[in-house]
Amino acid sequence: MNKSSKYYKLFVRRDTNCNNYRSLYRFSEVNVKWLTEHFLNDGSETRGGALSGERQMRTFLRYIGDPGFQVCVGEVIGIHQTTASKTIWEVCQKIADKADRWIQFPNSMDAMKHAEILWSQNQKFPHTIGAIDCTHVAIIKPHTHGDEFINRKGIASFNVQATCNGQEIFTSIDCSWPGSVHDSRIWRNSAIHNIMHENSSGVLLLGDEGYGIVPWMMTAYRNPDTPVQLNYNKIHSRERVVIERVFGQVKRRFPILKSKIRIKTDRVPALILACFVLHNVAKHLGEQEFEDDFSDPIVLVPVAPVNENRSNTLKMRGDSRRDIISQYLIE
């Protein structure tokens, strides 16, 4: 064998015909062009080998549509891993910067009334503007304060709170909390908690037992023992599950959220936010959902609420409103 022979690494670019384009990039080709124009303005410099706006967008979409290996992304797009890494972060930031346009929680009387009407078109629960829950997104355990990110399954993660409306569109997201933080703590410290607490329109959210009942947050009866309560719990469970369904949709479209995000910890929230923005964009563009291909490795069973420092008055008002709604639902 001639030891002086030179070896070269050969990168082969895959064909991205119409049959596998959507599988690779999670959007149709025409909608990838739309994303490029909307988020990148497609005015990128292409001289000297610079990537076009569309190739930048495809690089990012391939990354979040895959378990998150930049080398594999480079192979598909035909670029070096370092270029892929830089491009992924730049596109991620540009998408996250437009989050306020695509993820909006109703914060006015008119907006809340509109959200209530949207919910009532397909659901029975009265005065409802959406459902709330948390989901975990796995990450590499950070070297600094790593134990704060370990959730109840012993996995390093971010605990992501979100709300959605009756159209399966995210209306808020808080992805800044480590996995060890309880859902109710995230809720109490969120911007939408203050909006709901101060709203005078009487609208409400549906949540699981971990949130605790108040007039603007309806949870299930813990130990239902009457037909009225059983009927309420059945309807509450059927309608609250919309948020879990939407979590499933965004994780199936962007499998990186179901795998393990392998980037710097301080960049993870922006990446999660970008994926949630693109979920809403996919709804806007009429993109079909993806079928489930593998299970969520860190679905957590809801736990009882921690001490929420709720006043007895608020809890009593919440209990009273739940009783009124349960009677309404059975009638």
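Further up the page is the structure itself.
Attention in this report is confined to the structure presented alongside it. Predicted, not measured: the structure shown is a model, and the values here were computed from it.

**Focus: helix 11 (residues 242-253)**
If you check helix 11, its first and last C-alpha atoms are 17 Å apart, about what 12 residues at 1.5 Å a residue would give, namely 16 Å. Restricting attention to buried positions, one finds in helix 11 the residues V242, I243, V246, F247, G248, Q249, V250, K251, R252 and R253.

**A few points about the environment of R245**
Mapped onto the secondary structure, R245 falls in helix 11. Linking R245 and E168, residues 77 residues apart in sequence, is a C-alpha distance of 8.1 Å.

**Some points on unusual backbone geometry**
The residue R26 is not glycine, and still its phi comes out positive at about 70°. A relative accessible area of 6% means that R26 is categorised as buried. Of note in the backbone geometry, E168 takes a positive phi value of approximately 60° without being a glycine. Relative to the helices and strands, E168 resides in the loop between strand 2 (157-164) and strand 3 (170-178).

**Quick notes on the packing of helix 11 against helix 12 (residues 268-285)**
Closest axis-to-axis distance for the helix 11/helix 12 pair is 10 Å, and the angle between their directions is 100°. When the interaxial angle is binned, helix 11 and helix 12 end up roughly perpendicular. Contacts between helix 11 and helix 12 involve V246, F247, Q249, V250 and R253 on the former and, on the latter, C275, F276, H279, A282 and K283. Looking at the contact of helix 11 with helix 12 residue by residue, the class counts come to 6 nonpolar, 2 polar and 2 charged.

**Let's talk about the nonpolar core**
Soluble, globular proteins show a tendency: their nonpolar side chains are buried together. Within the largest apolar cluster, 72 residues are counted, with the highest numbers of intra-cluster contacts made by F60, L61, I64, F125, I272, F276 and L278. For this core, the element with the most residues is helix 12, which contributes 12 residues. In this view, F276 contacts I103, V160, A162, F170, I173, F247, V250 and L257; residues no more than four positions away in its chain are not counted. Grouped together as the second largest cluster of nonpolar side chains are 19 residues, A115, C134, V181 and M196 included.

Definitions and cut-offs
- Residues numbered from 1 in each chain as written.
- Predicted model: local features only at pLDDT ≥ 70, side-chain atom pairs only at ≥ 80, totals over all residues.
- Heavy atoms only, no water.
- Helix = DSSP H or I, 4+ residues; strand = E, 2+ residues; numbered from the N terminus.
- Expected span 1.5 Å × (residues − 1).
- Buried < 20%, exposed > 50% of the residue type's maximum accessible area, 1.4 Å probe, protein only.
- Axes fitted to C-alpha atoms, helices over the stretch in contact; angles between N-to-C directions.
- Parallel < 35°, antiparallel > 145°, perpendicular 65-115°, else oblique.
- Contact = heavy atoms within 4.5 Å.
- Nonpolar A, V, L, I, M, F, W, Y, C, P; charged D, E, K, R; others polar.
- Core = buried A, V, L, I, M, F, W, Y, C linked by side-chain atoms within 4.5 Å.

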